[in-house]
Structure formats: C-alpha cells, structure tokens
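So the chains spell out like this:
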Protein chains: 4
Amino acid sequence: MPTSITTPFFVFNPKSYLYGDALLNLAKVADQLASNYGMSIFVTAPFADISNISENTSNIIVTAQHMDGIDPGRGMGHVLPESLHRAGARATFLNHAENPMILSELAKSIKKAKELKIQTIVCADSIQEAQAIAKLSPDIILCEPTELIGTGQTSDESYIKATNKAIKEINPDILVMQAAGISTAEDVFKTISLGADGTGCTSGIVKSSDPSKMLVDMVESAIKANKKEVK
Amino acid sequence: MPTSITTPFFVFNPKSYLYGDALLNLAKVADQLASNYGMSIFVTAPFADISNISENTSNIIVTAQHMDGIDPGRGMGHVLPESLHRAGARATFLNHAENPMILSELAKSIKKAKELKIQTIVCADSIQEAQAIAKLSPDIILCEPTELIGTGQTSDESYIKATNKAIKEINPDILVMQAAGISTAEDVFKTISLGADGTGCTSGIVKSSDPSKMLVDMVESAIKANKKEVK
Amino acid sequence: MPTSITTPFFVFNPKSYLYGDALLNLAKVADQLASNYGMSIFVTAPFADISNISENTSNIIVTAQHMDGIDPGRGMGHVLPESLHRAGARATFLNHAENPMILSELAKSIKKAKELKIQTIVCADSIQEAQAIAKLSPDIILCEPTELIGTGQTSDESYIKATNKAIKEINPDILVMQAAGISTAEDVFKTISLGADGTGCTSGIVKSSDPSKMLVDMVESAIKANKKEVK
Amino acid sequence: MPTSITTPFFVFNPKSYLYGDALLNLAKVADQLASNYGMSIFVTAPFADISNISENTSNIIVTAQHMDGIDPGRGMGHVLPESLHRAGARATFLNHAENPMILSELAKSIKKAKELKIQTIVCADSIQEAQAIAKLSPDIILCEPTELIGTGQTSDESYIKATNKAIKEINPDILVMQAAGISTAEDVFKTISLGADGTGCTSGIVKSSDPSKMLVDMVESAIKANKKEVK
C-alpha cells in the first residue's frame with residue numbers, strides 16, 4: 001500500500017451506502033486505476049469492511065470514516081486506531097459534517113494518527129475553521145461548506161483560491177481537497193484545474209447508473225486536468 | 001455460528017484492550033469452550049477486528065461494541081449494521097456506560113438489530129433504567145450500577161434478585177446479565193448461583209497474569225454454578 | 001404559581017423564537033387566560049428569561065426548555081435545576097427532538113425534578129419510546145412522531161388513542177400531550193376532543209400574524225373541546 | 001457594565017456550585033472590588049441566575065457558562081445568545097472541559113458573540129489546541145491542561161511563557177488566562193507575575209472557609225503582582 005500522497009489525489013467516499021461485495025467491486029476498479037496511473041486514490045469503507053478491502057487490493061489507500069484518538073484500554077464502543085491499522089487502514093476522515101468532532105478529541109485523533117502513520121483527511125465547513133484545523137497539522141483538509149453538501153453545486157473559483165491561500169499560508173505542507181457538489185467528471189476536471197490538490201465524490205458515483213464507469217471517468221478527468229495544468 | 005442463546009451464557013468483553021492476534025488467541029480459547037460445553041459465549045471485538053475473529057471461529061457469538069440504528073446511506077463515521085453483519089457479528093452491545101446512547105437512537109438500534117437477527121446486550125445503570133429499556137425488548141439487559149464498574153465489587157444478592165424481578169415482570173423473555181465487578185472465577189460462580197442468566201468480564205481476564213486460564217476458569221465456574229442450581 | 005395540573009392543559013412553547021419583551025407580552029396574555037379559566041397553561045422560556053417571566057406572571061406554569069439532572073457542584077455549562085427553580089421554573093421539557101437526551105441522563109433529570117417538585121414534560125417520537133419513558137414516571141409525555149414536527153400535519157385519531165392506551169396501561173397517572181402539527185384553533189379542538197390530556201403549539205402562534213389572538217383562540221378551543229367532552 | 005477588558009483581569013467562576021443569594025453575595029463583593037480598583041472582574045452565573053446578578057451589580061462583567069451559536073428560531077433546549085444578552089451577560093465561557101464543544105459549533109458561537117459584543121473566554125487543554133482556537137479570534141483563551149484541573153497544581157513558568165508566545169504570535173490581541181490549580185492568593189500573585197494577562201478561580205474560593213475574604217485576597221494579589229511587574 002502506498003505511504004505517500006501524490007497530487008492530484010482522488011477520494012472515493014461511498015460513506016455508508018456500500019458494504020460487502022458492492023463496495024469491494026468498486027474498490028478493485030479504483031485499485032486498478034491507482035496502479036495504471038500511479039495516482040493516490042483513497043477509498044473509504046465502513047469499519048467492519050476495512051480488512052476485506054485491504055486484503056483484496058494493493059494500490060489504493062484504504063480509509064476509515066472516523067477514528068477516535070484513544071489508546072488500547074477501555075474505550076468501549078469507540079473506534080480503536082490500532083484495530084483500524086491492523087485491518088489495513090492507512091488513512092481516516094475526521095470531523096465530517098455527519099459526525100462532527102469535539103475540538104480536543106479532533107486534536108487527539110490527529111496526534112494518534114501521526115504516531116501510527118495514518119493519513120488524516122479533516123473536514124472544515126468554513127475558511128476560518130479550516131485555518132483553525134491547519135494549526136493541528138493534518139495531512140489533508142477538505143473544505144466543504146456545509147450548505148453545499150449534496151446540492152450538486154461546486155465551490156467556485158474564488159472560494160477554492162481563498163481556501164488554498166488561507167491554509168497554505170499557515171502550513172504549506174497541508175494538501176487541500178475540494179469536493180463540495182462534485183457530481184460529474186467535468187466537475188472533477190474543473191476543480192483540479194482551479195488548483196485543488198485533490199477531490200472526491202460520494203453520491204455522484206454510488207447513485208450513478210454505472211458507478212464503475214463514473215469512477216473511471218472522474219479519476220481520468222483529474223489526471224487530464226493535472227496534465228493541462230503542467231503544460 | 002449459534003443463533004439462539006442458552007443459559008447461563010458468558011460474555012468475554014475485552015473492550016479496546018485487545019485487537020489482532022492477542023484478541024484472536026483468546027477468542028479461539030473461547031471458541032473451544034463453547035464447543036466443549038455447548039455454551040453461549042459472546043466475544044466482543046473492535047469493529048475492524050470483527051471479520052478476523054468470525055473467520056477464525058465457529059462456536060462463539062461474535063459481538064460488536066456498539067451499532068448505530070442506521071440503514072445504508074449517508075451515515076458517515078457511524079457504525080453500519082449491515083457491515084457488522086457481513087463481517088460476522090451476530091450480537092452487539094448498546095448503551096454501555098463508556099458510550100451511552102440517546103434514547104431514540106437506542107430504540108432505533110434495537111429495532112434494526114431485530115431485522116438483521118443481531119442479538120442486543122443493552123446496558124442499564126439502575127433498576128428503573130433497566131425497566132425502561134425492557135419496554136424496547138432487547139435480548140439481554142446488563143445491569144451494571146455505574147458506581148461499581150471497575151471496583152472489583154460485585155452486585156449483591158438483593159440487587160440481583162430485584163433486577164431479575166423488575167425486568168422479567170415486564171418481559172419474561174429478556175435475559176438478565178449481571179457483571180458488575182466480576183474479577184475471579186468465584187465471582188462468576190456466585191453471580192450465576194444467585195440467579196443471573198449470564199455474566200461476563202473485561203479487566204479480570206485481560207489484566208490477569210494468565211488471561212487464557214482465567215477465561216477457562218470463569219466459563220467452567222458458570223457451568224458448575226448452573227449444574228448446582230439444577231440439582 | 002399553580003402546583004397541580006388540571007386537564008386539558010395547554011403548552012405555549014415559543015422555543016428560541018422569542019425572548020425579552022416579545023416573550024413577556026405573550027406570557028402575560030397566557031397568564032390572564034390561566035386566571036380567567038382556571039386552566040393549567042405552561043409557557044416555556046429561554047433559561048435566562050425565566051426569572052423575567054415568573055416575576056411578572058402568577059397563574060402560568062413557567063417552564064424551562066431543558067434541565068440537566070445535576071446537583072450543585074462542578075457541572076460547568078450545564079443547566080442547574082436549583083437555579084431554574086430559584087428563578088421560578090416549575091416545569092421543564094426534556095428529551096425534545098432538537099435536544100435529545102442520553103437515556104441515563106434523562107432518568108437522572110426526571111428524578112431530580114421530582115425532588116424539586118418541577119413538573120416534567122418528556123418527548124417521545126414513537127409509541128415504543130413513550131412506553132420506555134413511562135417507566136421513568138414523568139408527569140407528562142408528549143408524543144410527537146419526529147416526522148410530523150413542523151409539517152402542519154396533526155396526529156390522527158388512531159395514533160392518539162393508541163398512544164393514550166400504551167402510556168396509561170403502564171402508569172395511569174401520566175398525562176398524555178399530543179402536539180404534532182398543531183397550527184390552528186381547530187387543530188386544538190380536534191386533538192382535545194380525540195382524548196389528549198393536553199396540547200400545545202410553537203410556530204402556529206409565533207409565526208401567526210396576530211400571535212396574541214391565536215394564543216387566546218387556541219386556549220379557548222381547548223376549553224370548548226373539553227366542555228363538549230363532559231356533556 | 002464595562003465594555004473593554006483591562007489587565008490583569010480576574011475571573012470568579014463558581015460553576016454550578018452557587019446560585020441565588022449565595023452567588024449574589026459574592027458577586028456584590030466582586031462588584032465592589034471592580035469599582036475600587038477599576039479592574040475587569042468576570043463573574044459567571046448559571047443561566048437562570050444571570051439577570052439576578054446583572055440587576056444587582058454594575059462593575060463586574062456578568063458571564064455565562066456557555067452559549068450556543070444560534071439565532072432566534074427553533075433551538076429548543078439550547079442557550080440563546082440574545083436571551084443571555086438581554087439578561088445582562090456581556091461575556092461567556094466556551095469549550096470548557098466539562099462541556100467541550102464541536103469545532104464548528106465553537107466557531108459559530110464565537111462569531112455570534114462578536115455580533116452581540118459578548119466577550120468570549122475559550123478553554124484549551126493543550127498549546128496546540130490553543131493555537132487552533134486563536135485562529136477563531138476569541139477575546140480570551142484559557143490555557144488549562146486538563147490533567148491539572150482540580151489538582152491544586154498550577155501551570156509552571158515554562159508552560160505559561162510557551163502558551164503566551166504560541167497564542168500572541170498568531171494574534172497579539174488575544175488575552176491569555178492561566179488558571180490551572182489556582183487555590184491561594186499566592187498562586188494568583190505568581191501566575192500574574194509570570195506574565196498571564198488574567199487568572200481566576202473556582203473551588204479555591206467556593207470551598208474556602210471564608211469565600212468572600214478569599215475572593216478579596218485573590219483580587220488584591222493580582223493587583224499587587226501587576227504593580228510589581230510595572231516597576
């Protein structure tokens with residue numbers, strides 16, 4: 001499994017829509033894409049599906065939907081980092097709008113992730129919140145204005161540029177992911193072209209009539225946008 | 001994997017103390033005991049360890065530490081019932097003192113568990129709370145006065161009898177588990193002798209100098225207590 | 001201030017829509033109605049407005065929107081029962097859908113309220129949840145199916161009768177409030193006629209073009225429905 | 001009531017230990033001290049006691065224990081900023097360890113407080129968390145390593161200096177409060193002498209044999225420490 005992130009990266013985040021074979025089949029498609037293009041592709045899985053995905057793929061970064069910043073011990077019902085790591089997770093989302101975190105627990109989770117070399121993708125719903133999170137030094141910040149989630153409306157150019165600047169001036173090593181309202185391959189192309197380090201998608205893929213094709217199209221659009229940028 | 005519960009049952013709940021091989025080794029000991037004695041033994045595992053345990057055992061009831069009452073869909077960061085079931089979980093704890101639940105979410109989790117035929121072990125920290133939970137018809141209620149957890153002090157006879165009566169008068173099908181302060185095989189013997197349908201242990205086993213032996217001793221004590229009762 | 005509840009009762013619950021003079025003016029209208037008709041009228045207020053309402057009224061039951069089950073001590077940021085009582089609150093909502101409670105904390109809040117003789121109005125969003133709550137012996141249970149809140153659609157006759165039966169068979173002393181979708185005086189009349197012990201309203205009053213008149217109309221409709229019932 | 005903060009400031013935070021007359025009597029002592037010395041003294045009160053304190057004092061800054069970042073509307077059971085302001089609160093604690101906040105809600109509460117000109121005292125339990133909070137531009141950050149709360153052990157010189165530097169380099173306008181383990185007037189003197197902008201106390205005052213005298217001694221120690229510093 002890859003240990004460093006190349007840009008542009010892509011995050012396929014099926015949330016709790018998929019599990020078992022339906023999830024595994026798409027993870028294998030992502031795995032082939034990651035191999036073909038040498039690209040960093042994150043695929044999230046429900047906690048109990050993580051080992052099934054990691055045992056059957058080798059190029060994607062298997063990603064948890066959440067992780068608590070606890071050490072082995074009591075912690076009944078919480079998400080144990082060591083268990084995620086053993087199962088093959090090498091990244092985790094944190095502070096998603098559907099599972100927002102207490103600030104001190106977010107700080108602990110990021111710290112713990114660093115110890116285990118688990119990459120962190122931390123969600124922020126405003127530029128100011130993104131700057132606060134940047135001081136906790138996660139690997140990736142996902143800027144997703146809460147009011148755009150699920151609307152099919154993407155963040156505009158000025159928002160993307162302002163967020164990049166706001167985060168990188170605090171810590172230039174943090175990668176900036178923009179994923180609000182990504183529902184087509186064109187959205188992916190546009191978002192990467194506008195300067196996002198990475199992007200990703202949930203419902204645009206899982207609710208597509210052909211999720212596998214949509215996944216391929218989106219990933220290839222990210223690559224095209226990147227090549228264009230380089231020229 | 002067994003689908004019905006025989007009494008007395010035993011719950012080995014290592015919480016977040018164990019994962020990976022250390023957990024699997026003890027789960028295999030429990031699996032052999034369940035086979036030898038035809039006894040219902042529940043073994044909990046962190047979410048991402050569930051499939052590893054269920055793939056390597058066949059007689060224990062693999063148990064999650066928590067489960068959210070959600071259907072496949074968004075639910076980012078929550079514990080998806082279908083994912084647990086696919087991984088092999090056939091029971092779940094709910095409302096543990098270290099992860100207490102909002103009443104309406106507890107009701108939803110119990111309902112969802114019934115649909116998937118996942119057994120529910122619901123914690124209560126007072127007799128009155130146990131009666132409220134009984135109206136939600138879980139499979140097992142664990143009566144664990146919060147103030148006794150981790151003290152090495154067991155619930156006394158009057159508490160056990162009062163709890164049994166309070167719960168069974170609402171719904172005689174609910175099994176009553178008593179596990180406060182169980183730290184020795186003698187505690188197990190006493191608790192089952194006093195009329196608990198089942199018992200269980202965390203730190204008395206995981207912190208023992210020989211966890212495997214302690215697990216065997218406790219399970220065999222439960223059986224001895226039961227035979228005595230039958231005579 | 002009244003200490004016992006007569007039926008039918010009415011709850012004016014402006015939530016966080018009103019505070020200061022706008023709230024006080026309507027509370028005074030309710031106070032006059034409670035005096036005129038000898039009726040139990042609960043009026044909720046934001047925590048910091050409670051003393052202002054109770055100092056300027058004498059017939060309504062001043063009601064908090066929430067109360068924590070804590071004793072004087074640390075509890076920084078929580079809602080201290082003794083402080084509410086001193087300010088004049090004699091009732092409190094608990095477990096509202098916008099502020100749902102952990103089961104064990106709900107049990108503690110109800111227990112504490114009894115000690116201070118503060119009436120409890122506890123919300124349930126299903127019949128089964130209402131039965132669980134009934135075992136905790138609150139004064140009033142508000143049956144408000146979450147999916148109806150704010151839709152302007154009232155609970156139908158079968159739901160009202162089923163809820164009444166389900167709660168009273170556990171504890172006949174608990175009063176049953178039905179308030180889902182009450183937006184007109186006719187809704188109040190219908191709901192009381194169908195057998196609810198009490199009803200109440202938020203947006204139907206605060207968003208009315210003449211909130212004071214709507215409050216009067218609703219309260220008088222409750223009384224009319226009751227007289228009809230008696231004949 | 002004062003609208004700007006002079007340093008050193010003192011925070012008397014009786015949490016939920018006091019309410020009614022016992023709280024009012026000490027608030028009056030603080031009020032006299034604030035008048036005598038022209039000093040900024042914050043006094044917290046349970047929500048329903050705020051108006052009683054503000055109506056009977058004129059020199060202290062009446063402070064809420066928490067505030068939600070909501071606008072008038074639904075928000076049942078939450079702490080409405082406009083209600084606090086109407087009752088006389090001109091400051092609020094946020095993110096206290098006994099009531100920790102979700103990051104996005106903390107951001108909203110600080111933003112809302114600025115609109116109403118309510119000062120914010122935001123708690124952090126590590127230097128890194130303090131830096132994240134500093135990006136949200138509160139008025140005061142309280143650095144209180146969780147592990148020291150209630151131990152009677154104060155933050156040492158290196159911790160105080162490191163925290164001051166870490167916060168002021170992000171935003172020099174933020175005041176830094178140090179209050180871990182303050183239990184005597186000497187602790188106050190030492191903490192202010194070491195460079196804290198302000199300090200405060202809970203149990204050292206409320207559990208003192210003579211709370212009023214302890215409050216006076218602490219406030220006067222802060223002033224002495226400040227004069228020494230000036231020379």
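The rules behind these values
Residues numbered from 1 in each chain as written. Chains lettered and ligands numbered in written order. Predicted model: local features only at pLDDT ≥ 70, side-chain atom pairs only at ≥ 80, totals over all residues. Heavy atoms only, no water. Helix = DSSP H or I, 4+ residues; strand = E, 2+ residues; numbered from the N terminus. Rg over C-alpha atoms; globule rule 2.2 N^0.38 Å. Buried < 20%, exposed > 50% of the residue type's maximum accessible area, 1.4 Å probe, protein only. Lys, Arg positive; Asp, Glu negative; His and termini not counted. Charge placed at Lys NZ, Arg CZ, Asp CG, Glu CD. Axes fitted to C-alpha atoms, helices over the stretch in contact; angles between N-to-C directions. Parallel < 35°, antiparallel > 145°, perpendicular 65-115°, else oblique. Left-handed = near helix turned anticlockwise from the far one by under 90°. Contact = heavy atoms within 4.5 Å. Nonpolar A, V, L, I, M, F, W, Y, C, P; charged D, E, K, R; others polar. Least-squares fit on C-alpha atoms with pLDDT ≥ 70 in both. Phe/Tyr/Trp six-rings, centres within 6.5 Å; stacked < 30°, edge-to-face > 60°. Buried area = accessible area lost by both parts, 1.4 Å probe. Salt bridge = Lys/Arg side-chain N within 4 Å of Asp/Glu carboxyl O. Polar contact = N/O pair within 3.5 Å; in protein donor to acceptor, adjacent residues only side chain to side chain.

- Looking at an unreviewed UniProt entry, one finds chain A named Triose-phosphate isomerase and attributed to Halolactibacillus halophilus.

**Comments concerning the overall build of chain A**
Logical step 1: In terms of helices and strands, chain A carries 9 helices and 8 strands.
Logical step 2: Over its C-alpha trace chain A gives a radius of gyration of 16 Å, about what one expects of a compact globule, namely 17 Å for 231 residues.
Logical step 3: Taken along its principal axes, the extent of the C-alpha atoms in chain A is 50 × 40 × 30 Å.
Logical step 4: Residue burial in chain A is summarised as follows: out of 231 residues, 63% are buried.
Logical step 5: For chain A, the distance from the average position of its 21 positive side-chain charges to the average position of its 26 negative side-chain charges is 4 Å.

**Quick look at the packing of helix α5 (residues 127-134) of chain A against helix α6 (residues 157-168) of chain A**
Residue and element names in this part refer to chain A.
Logical step 1: Across the interface, α5 lies against α6 with an axial gap of 9 Å and an inter-helix angle of 25 degrees. By the angle class used here, α5 and α6 are roughly parallel. Along this stretch, α5 crosses α6, giving a crossing that reads as right-handed. Of the residues in α6, those in contact with Ile127, Ala130, Gln131 and Ala134 of α5 are Tyr159, Ala162, Thr163, Ala166 and Ile167.
Logical step 2: Here the residues of the contact of α5 with α6 are counted per class, giving 7 nonpolar, 2 polar and no charged.

**Section: the relation of the copies chain A and chain D**
Logical step 1: Rotating chain A by 180 degrees about the axis while translating it 0.0 Å along that axis superimposes it on chain D, leaving an RMSD of 0.0 Å. Between the two chains, the operation in question is that of a two-fold axis.
Logical step 2: By residue overlap, the copies meet face to face through one surface: 100% of the interface positions of chain A are interface positions in chain D.

**A short note on the packing of aromatic side chains**
Two descriptors summarise a pair of aromatic rings, namely the distance from one centre to the other and the angle between the planes of the rings.
Logical step 1: Taken as a whole and assessed by the stated rule, the structure comprises 6 aromatic pairs over all chains.
Logical step 2: Consider the rings of Phe47 of chain C and Phe47 of chain D, whose centres lie 5.8 Å apart with planes at 25 degrees: the pair is stacked. Taken as a pair, Phe47 of chain C in the loop between β2 (41-45) and α2 (50-55) and Phe47 of chain D in the loop between β2 (41-45) and α2 (50-55) lie in two separate chains rather than in one.
Logical step 3: Each ring, one from Phe9 of chain D and one from Phe42 of chain D, has its centre 5.7 Å from the other, and the planes form 75 degrees; the classification is edge-to-face. Pair noted here: Phe9 of chain D is in strand β1 (residues 9-12) and Phe42 of chain D is in strand β2, with a separation of 33 residues, a long-range link.
Logical step 4: The class of Phe9 of chain D is buried, set by a relative accessible area of 0%.

**Some remarks on the relation of the copies chain A and chain B**
Logical step 1: Screw-axis analysis of chain A against chain B gives a translation of 0.0 Å along the axis, an RMSD of 0.0 Å, and a rotation angle of 180 degrees.
Logical step 2: The residues that chain A uses at the interface reappear at the interface of chain B in 97% of cases, marking a shared surface.

**Comments concerning the interface of chain A and chain B**
Frequently, the measure chosen for interface size is the accessible area that the parts lose on association.
Logical step 1: The interface of chain A with chain B comprises 35 residues on the first partner and 34 residues on the second.
Logical step 2: Carbon and sulfur atoms supply 57% of the area that chain A and chain B bury against each other, a total of about 3100 Å² over both sides.
Logical step 3: When residues of chain A are sorted by the area they lose upon contact with chain B, Arg74, Met76 and Arg86 of chain A head the list and together hold 25% of the total.
Logical step 4: Across the contact surface, chain A and chain B share 4 salt bridges.
Logical step 5: Put simply, chain A and chain B have 25 residue pairs in polar contact (both at pLDDT 80 or more) between them.
Logical step 6: Elements supplying a minimum of two residues to the side of chain A that touches chain B: α2 (50-55) and α3 (81-87) of chain A.
Logical step 7: Broken down by element, the residue count for the side of chain A that touches chain B peaks at 5 residues, all from α3 of chain A.
Logical step 8: In terms of residue class, the side of chain A that touches chain B is made up of 15 nonpolar, 14 polar and 6 charged.

**Describing the side chain of His96 of chain B**
Logical step 1: Mapped onto the fold, His96 of chain B is located in the loop between β4 (91-94) and α4 (103-115).
Logical step 2: Setting aside chain neighbours within four positions, we find His96 of chain B in contact with Met76 of chain A together with Lys15, Cys123 and Glu144 of chain B.

**Let's talk about the interface of chain A and chain D**
Logical step 1: Contacts between the two partners involve 16 residues from chain A and, on the opposite side, 16 residues from chain D.
Logical step 2: For the pair chain A and chain D, the summed buried surface comes to about 1600 Å²; carbon and sulfur atoms form 67% of the total.
Logical step 3: Ranking the residues of chain A by area buried against chain D places Leu103, Gln128 and Lys135 of chain A at the top, with a combined share of 39%.
Logical step 4: Run the count over chain A and chain D and you get 0 salt bridges.
Logical step 5: Taken together, the links from chain A to chain D amount to 2 residue pairs in polar contact (both at pLDDT 80 or more).
Logical step 6: Secondary structure elements with two or more residues in the side of chain A that touches chain D: α4 (103-115) and α5 of chain A.
Logical step 7: With 5 residues, the top contributor of residues to the side of chain A that touches chain D is α5 of chain A.
Logical step 8: Residues belonging to the side of chain A that touches chain D are distributed by class as follows: 9 nonpolar, 4 polar and 3 charged.

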